[in-house]
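What the coordinates show
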Amino acid sequence: MVPLRLRPYRLSDERIVRRARDDLRADDFELLYRFDEFAGWTDYLAHFRQARFGHGLNEGEVPSMLLCAELDGNYVGQVSVRLATEEYVTPVGGHVGVGVLAPYRRQGLASEMLRQALIVLRAEGVRDAVVTCHDTNFASRAAIEASGARFDGVFSFTEGAPPDMRRYVVAPPTSSLWLRPLALDDEGSARAAHAEILPEDSHFLLQWSPEQAWPSYLARLRDEQLGRDLAPDRVRGTFVAAVVGDELVGRASIRFSLNEFLAAWGGHIGYAVIAAHRRRGYASEILRQALVVARAEGVERATMTCFDDNVGSSSVIERAGGVLESIGATHEWPERMRRYFIM
Ligand SMILES: CC(C)(COP(=O)(O)OP(=O)(O)OC[C@H]1O[C@@H](n2cnc3c(N)ncnc32)[C@H](O)[C@@H]1OP(=O)(O)O)[C@@H](O)C(=O)NCCC(=O)NCCS
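Computed from a predicted model, the values in this text were never measured in an experiment. (Residues numbered from 1 in each chain as written. Predicted model: local features only at pLDDT ≥ 70, side-chain atom pairs only at ≥ 80, totals over all residues.)

Regarding the sheet that holds strand β5 (residues 129-134)
Note the following rule: Any two strands with at least two DSSP bridges between them are considered paired. Each helix is a run of DSSP H or I of at least 4 residues and each strand a run of E of at least 2, with the numbering of both proceeding from the N terminus. Axis geometry follows a simple rule: fit a line to the C-alpha atoms, using only the stretch in contact for helices, then measure angles between N-to-C directions, giving values from 0 to 180 degrees. Here, residues touch in the contact sense if the C-beta positions derived from the backbone fall within 7 Å of one another.
Spatial strand order, β5-β7-β6: 3 strands in an open sheet with antiparallel pairing. Two strands close off the open sheet at either side, each with one partner strand: β5 and β6 (150-155). Adjacent strand axes in the sheet meet at a mean angle of 25 degrees when their direction is disregarded. Pairing between β6 and strand β7 (residues 165-170): 4 bridges, direction antiparallel. Paired with Val 154 across the strands is Arg 166, a residue of β7. On top of the sheet, helix α5 (residues 138-146) reaches β5 and β7; it is set at about 160 degrees to β5, its chief contact.

Structure below.
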């Protein structure tokens, strides 16, 4: 697996980004779309921080993330992820745009960037991702085709001109695990998973009670994902179902920041796997994908916790590169707890 990371841009990235923008223009690739309409880098970043939540959008723009791709601390490219589908823009521009800087090409990075972008998109609820590229951009075509994309035809970028673009659709995998928001028809299987896991002193659904109507629970999860009306003791985060095909096998809860409670217990990412699906590597895969989502939302160093005797969970964290920071009790949690971080 390529140790590539997608993260939001920082103010301090301005110099490298501007240089990359000039380099990529040689390939007719506009790295910073409509940059000249903004007062500068600070203003541009502020726009994207808002655009992630669907605020301050220009016409035709959808909620989106502009992510910097880093490999071993080097800036290697950029991914733009459009988090919603728009009637006119999506069929032309697609949900994902990838650019790799010239010195880093021919190493499979575009495929890896696309793979991670698809994880972010699916966790947001975009199931079938549209990806487009120029007909003659063979490197891009190869990366898209390697992601299992289905060719969906050619079209012309400019009305009336001959077709010069290709459109693909990438559906979720049918036989491997992927993360997506809980849906209305998950109610039965999620309730059953919750009831099943309770005797283990774990929760499948978080902040949920059996009396709560399922649609209102889902609406609250969506509010938390967008940071809307957060209670003082809650942080922005997302709750995703882990499914194989369409079967619910587990869940992840991904927090994009920590409060005092989460710093002591819970950390950035929590997960659970339904008993019948354990020991198949699912928790490890859930954590791998959850880390991609967390990083894209700005988590740079993920804190993870588990009880000292939870051998399954500590192995999963260690396999994901978790570094043990401490083992001990806190006044709130008298049991011994392991705290790890993952860079
Ligand atoms: C902990 C949990 C998430 C593990 O899920 P899983 O899908 O079985 O984990 P994986 O298959 O990815 O396990 C990876 C490795 O962890 C270790 N492991 C997992 N479960 C284990 C167990 N019960 N005992 C010992 N080792 C275990 C193994 O080394 C395993 O690899 P292997 O099967 O090749 O030997 C699952 O048991 C669970 O949901 N428990 C209840 C909720 C919970 O504890 N969540 C974590 C809170 S911190």
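Digging into the sheet that holds strand β8 (residues 177-181)
Each strand in a sheet pairs with another by means of backbone hydrogen bonds, the pair being arranged parallel or else antiparallel. The antiparallel open sheet is built from 4 strands, whose spatial order is β8-β9-β10-β11. Edge positions in the open sheet fall to β8 and β11 (269-273), since each of these has one partner strand only. On average, each strand axis in the sheet is inclined to that of its neighbour by 25 degrees, with strand direction left out of account. Note: strand β9 (residues 237-244) against strand β10 (residues 247-255), 8 bridges, orientation antiparallel. Bridged to Thr 238 within β10 is Ile 254.

Observations concerning the pairing of β11
Formally: The exposure label follows from counting other C-beta atoms within 10 Å of a residue's C-beta, where the C-beta atoms are placed from the backbone and the thresholds are 20 or more for buried and 12 or fewer for exposed, leaving partly exposed in between.
With respect to burial, β11 is a largely interior element, 5 of its 5 residues being buried. Burial along β11 is two-sided: the residues Ile 269, Tyr 271 and Val 273 and Gly 270 and Ala 272 are all buried. The pairing of β10 with β11 spans 5 bridges and is classified as antiparallel. Bridge assignment links Ala 252 to a residue of β11, and that residue is Tyr 271.

Some details on helix α4 (residues 109-124)
Operational definition: Multiplying 1.5 Å by the helix residue count minus one yields the expected span of that helix.
For α4, with 16 residues, the first-to-last C-alpha span of 23 Å sits near the 22 Å given by 1.5 Å per residue. Where burial is concerned, most of α4 is hidden: 15 out of the 16 residues are buried. After α4 finishes, the residue Gly 125 shows a positive phi value of roughly 115 degrees.

Some points on the packing of α4 against helix α9 (residues 282-296)
Defined as follows: Oblique is the label for every angle not falling under 35 degrees (roughly parallel), over 145 degrees (roughly antiparallel), or within 65 to 115 degrees (roughly perpendicular). Amino acid classes used here: Ala, Val, Leu, Ile, Met, Phe, Trp, Tyr, Cys and Pro are nonpolar; Asp, Glu, Lys and Arg are charged; the rest, including Gly, are polar.
Here α4 crosses α9 at 85 degrees, and the two axes come no closer than 9 Å. In terms of orientation, α4 lies roughly perpendicular with respect to α9. Contacts between α4 and α9 pair Gln 116, Ile 119, Val 120 and Ala 123 from the former with Gln 289, Val 292, Val 293 and Ala 296 from the latter. When the residues that make up the contact of α4 with α9 are grouped by side-chain class, the tally is 6 nonpolar, 2 polar and no charged.

A short note on the site of the ligand
Put simply, the rule reads: Nearness between a residue and a molecule or strand is assessed with a C-beta atom placed from the backbone; a distance within 6 Å qualifies.
Near the ligand, the surroundings consist of 20 residues, among which Arg 278, Ala 283, Cys 306, Gly 312 and Ser 315 are the closest. Mapped onto the shell around the ligand, the elements with two or more residues apiece are β11, α9 and α10 (311-319). Take the shell around the ligand: its biggest share by element is 5 residues, from α10. In terms of residue class, the shell around the ligand is made up of 8 nonpolar, 8 polar and 4 charged.

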